[in-house]
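Next come the chains, spelled out residue by residue.
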Amino acid sequence: LFLLALCTTGAPIVFGLIEKEDLGFGDNQVVWMGNLMAVGLVMGFWLAGRAVDRFGTKAVFLVCHFGYGAVLFLFLGRNIAPAAALVGIVSVLHFLYGLMVGLSSIAITTEFMALIPPENKSLSTSLLDALFRTGGAMSGILAGWAVSLGLFARSWTLLGARMTQYDTILLLWGLAVVMLVVALGLVPSVIRKAEWVPRGD
């Protein structure tokens, strides 16, 4: 969860920077993109409850990992799309990203509630929350640090389209979150079916 948060939490901020500095979106458009992400988040919560009940957390985690990666990679291809459709495409990507956040949040909560030990519940819950929030905080900190130090080229090309240093960050996060699929082998529900109610011996 720490690694997942590290690769996904800072993406909406980077989306906004790209929209302001590269795409020339106005403040109102950037705010609307955030609203669309919030709508996707709510929709993700609604869908996740049904998906987890029907398919289990493993399937939802897999969808979320590949979904996060797909949105990050598709955002890189925004300049290849027709200019007239750019706002619509970016809007859909924001909605989908919010959807993935909602899906993964419910899957995480479900998995943890099933695995929480009968003893030291407060400690285990605090540890999860601390690691998850630390990963999210470091996501933004590391991205800002990389930009401030000029670690990435300010401009480069991908399939003939001009990219920015922010796109480099999205590319790295996209590759990392897809590679994290292998870490799902550590999720207990992959090994056995998670129980809804924690039980002691």
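Every chain begins its residue count from 1, and numbering advances along the sequence as written. Totals for whole chains, interfaces and linings use all residues, but because this is a predicted model, local features are given only for residues with pLDDT of at least 70 and pairs of side-chain atoms are given and counted only at 80 or more. Where side-chain values are given, they derive from all heavy atoms of the structure, hydrogens and water being excluded.

Undergrad: Got a minute to help me understand the overall build of the chain in this structure?
TA: Only DSSP runs of H or I reaching four residues or more are called helices, and only runs of E reaching two or more are called strands; each is numbered from the N terminus. What the chain contains, in helices and strands, is eight helices and two strands. Listed N to C, the secondary structure of the chain is α-α-α-α-α-α-β-β-α-α in terms of helices and strands. For the radius of gyration, the atoms used are the C-alpha atoms, and the globule rule reads 2.2 Å times the number of residues raised to 0.38. For 201 residues, the compact-globule estimate of 2.2 N^0.38 gives 17 Å, and the chain sits close to it at 18 Å. With respect to the principal axes defined by its C-alpha atoms, the chain has extents near 60 × 35 × 30 Å. Relative accessibility decides the category of a residue: with a 1.4 Å probe and only protein chains considered, values under 20% of the type maximum give buried, values over 50% give exposed, and everything between is partly exposed. Counting across all 201 residues of the chain, residues that qualify as buried make up 38%. Restricting to contacts in the chain with at least 6 residues of sequence separation, those with at least 24 account for 80%. To be clear on the numbers: accessible area is Shrake-Rupley with a 1.4 Å probe, and residue cover counts the displayed protein chains and nothing else. Accessible surface for the chain amounts to roughly 11000 Å². Of this, 70% is attributable to carbon and sulfur atoms. Separation of charge centres in the chain, based on 12 positive and 11 negative side chains, amounts to 5 Å. We call two residues in contact whenever any of their non-hydrogen atoms come within 4.5 Å of each other. Lys and Arg are tallied as positive, Asp and Glu as negative. Neither His nor the chain termini are counted. Positions of charges follow a simple convention, taking NZ of Lys, CZ of Arg, CG of Asp or CD of Glu.

Undergrad: Can you help me understand helix H2 (residues 11–21) in this one?
TA: Of all the positions in H2, only Ala11, Val14, Phe15, Gly16, Ile18 and Glu19 are classed as buried. On its buried side, H2 packs onto helix H1 (2–8), helix H3 (27–55), helix H4 (57–76), helix H5 (86–115), strand E2 (161–164) and helix H7 (165–179).

Undergrad: What am I meant to see in the layout of surface pockets here?
TA: The method is simple in principle: a probe with the dimensions of a water molecule rolls over the atoms, and the space it marks as empty is what remains. A cavity here means a set of 1 Å grid points, computed over protein atoms only, where a 1.4 Å probe fits but cannot escape. A pocket is an open set with protein on both sides within 12 Å along at least 5 of 7 lines, and lining residues have an atom within 4 Å of a point. Grid points are joined across faces, edges and corners, and a volume is the space filled by probe spheres set on the points. If you add up the space inside the second largest pocket, you get close to 240 Å³. Of all elements in the fold, only H1, H5 and helix H6 (121–148) reach the threshold of two or more residues within the lining of the second largest pocket. A total of four residues in the lining of the second largest pocket trace back to one element, the largest contributor, which is H5. Here the term charged refers only to Asp, Glu, Lys and Arg, the term nonpolar to Ala, Val, Leu, Ile, Met, Phe, Trp, Tyr, Cys and Pro, and the term polar to all other amino acids, Gly among them. Its residues assigned to classes, the lining of the second largest pocket comprises eight nonpolar, five polar and one charged.

Undergrad: Would you mind showing me how to read the packing of H2 against H7 here?
TA: A pair of packed helices is characterised by two quantities: the angle between their axes and the separation of those axes. Interhelical geometry of H2 versus H7 gives an angle of 150 degrees and a closest axis separation of 10 Å. Here H2 lies roughly antiparallel to H7, going by the angle between them. The handedness of the crossing between H2 and H7 is left-handed. Between H2 and H7, the residues in contact are Ala11, Val14, Phe15, Leu17, Ile18 and Glu21 and Tyr166, Asp167, Ile169, Leu170 and Trp173, respectively. Broken down by class, the residue content of the contact of H2 with H7 amounts to nine nonpolar, no polar and two charged. Working convention: axes come from line fits to C-alpha atoms, limited for helices to the stretch in contact. Angles between N-to-C directions cover 0 to 180 degrees. When an angle is under 35 degrees it counts as roughly parallel; over 145 it counts as roughly antiparallel; between 65 and 115 it counts as roughly perpendicular; any other value is oblique. Take the far helix as your reference; a near helix turned counterclockwise from it by less than a right angle gives a left-handed crossing, and one turned clockwise gives a right-handed crossing.

Undergrad: What am I meant to see in the pattern of salt bridges here?
TA: It is possible for side chains bearing opposite charge to pair when their charged atoms get close. By salt bridge we mean one thing: a side-chain nitrogen of Lys or Arg within 4 Å of a carboxyl oxygen of Asp or Glu. Using the criterion set out here, one finds five salt bridges in the structure. Among the ionic pairs, arginine 162 bridges to aspartate 22, the shortest N-O distance being 2.4 Å. Of this pair, arginine 162 sits in strand E2 while aspartate 22 sits in the loop between H2 and H3; the two residues are 140 residues apart in sequence, bridging distant segments of the chain. Note on arginine 162: relative accessible area 43%, which makes it partly exposed. Judged by relative accessible area, aspartate 22 falls into the buried class, the value being 17%. The network of salt bridges with common partners includes Asp22, Arg78, Arg162 and Asp167.

Undergrad: Just checking my understanding: could you explain the environment of alanine 161 for this structure?
TA: By the element assignment, alanine 161 lies in strand E2. Its relative accessible area of 8% is what places alanine 161 among the buried residues. Ignoring anything within four residues of it in the chain, the contact list for alanine 161 reads Asn79, Ile80 and Trp156.

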